[in-house]
Amino acid sequence: MADPIARFKNIGGAVVAITEQSGYLDVKHPTEHLVVCSGCGASHRVTWGYDLWHEEQSYGGGLKVDFDSTGREYLPAARKWAQDHAAKCRAL
Ligand SMILES: [Zn+2]
């Protein structure tokens with residue numbers, strides 16, 4: 001698994017970490033953020049607008065126009081979920 005790009009601690013010391021991952025097995029580049037809590041196991045995915053169907057339809061001609069390949073646009077949403085979860089989770 002990739003190194004977390006951000007992590008938050010809840011009151012019990014459990015870590016809520018944000019990583020990047022590919023949401024599709026046959027896609028090599030990351031397409032979403034995955035937020036996982038080490039305490040309770042809760043997880044949340046924030047996809048970056050990647051659409052495999054579109055890529056196939058364009059015969060390799062390019063990614064969907066609104067796909068954010070860096071995920072930067074979607075990071076605030078992932079951070080918000082992580083922070084909100086860290087604030088309310090009591091797991092150790
Ligand atoms: Zn939790």
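Each remark here, short or long, concerns the structure printed above.
Residues numbered from 1 in each chain as written. Predicted model: local features only at pLDDT ≥ 70, side-chain atom pairs only at ≥ 80, totals over all residues. Heavy atoms only, no water.

Some points on the overall build of the protein
- Scanning the protein for helices and strands turns up two helices and four strands.
- What you see in the protein, going N to C, is helices and strands ordered as β-β-β-β-α-α.
- Within the protein, the fraction of its 92 residues that count as buried is 32%.
- Across the protein, every contact between residues at least 6 apart in sequence was considered, and the portion connecting residues at least 24 apart equals 42%.
- When the accessible surface of the protein is split by element, carbon and sulfur atoms take 53% of a total near 5900 Å². (Helix = DSSP H or I, 4+ residues; strand = E, 2+ residues; numbered from the N terminus. Buried < 20%, exposed > 50% of the residue type's maximum accessible area, 1.4 Å probe, protein only. Contact = heavy atoms within 4.5 Å. Areas by Shrake-Rupley, 256 points an atom, 1.4 Å probe, with all protein chains shown as cover.)

A look at the coordination of the zinc ion
- Coordination of the zinc ion by the protein is provided by Cys-37 (SG), Cys-40 (SG), His-85 (NE2) and Cys-89 (SG), with metal-donor distances spanning 2.0 to 2.3 Å.
- Geometry at the zinc ion is tetrahedral, judged from the four donor atoms that bind it and their angles of 101 to 116° at the metal.
- Along the chain, the residues that donate to the zinc ion are spaced as C-x2-C-x44-H-x3-C. With a gap of 49 residues between them, Cys-40 in the loop between strand E3 (32–37) and strand E4 (43–47) and Cys-89 in the segment after helix H2 (75–88) connect regions that are remote in the sequence. (Donors = N, O, S within 2.8 Å, 3.2 Å for Na, K, Ca; no water. Tetrahedral: all angles 85-135°; square planar, octahedral: opposite > 155°, others 65-115°.)

Some words on the side chain of Glu-32
- Looking at where Glu-32 falls in the secondary structure, it is placed in strand E3.
- Here Glu-32 falls in the buried class, since its relative accessible area comes to 2%.
- Side chain to side chain, Glu-32 and Gln-21 meet in a polar contact 2.6 Å long.
- Apart from the residues lying within four places of it in its own chain, the contact partners of Glu-32 are Thr-19, Glu-20, Gln-21, Gly-23, Arg-45, Val-46, Thr-47 and Trp-48. (Polar contact = N/O pair within 3.5 Å; in protein donor to acceptor, adjacent residues only side chain to side chain.)

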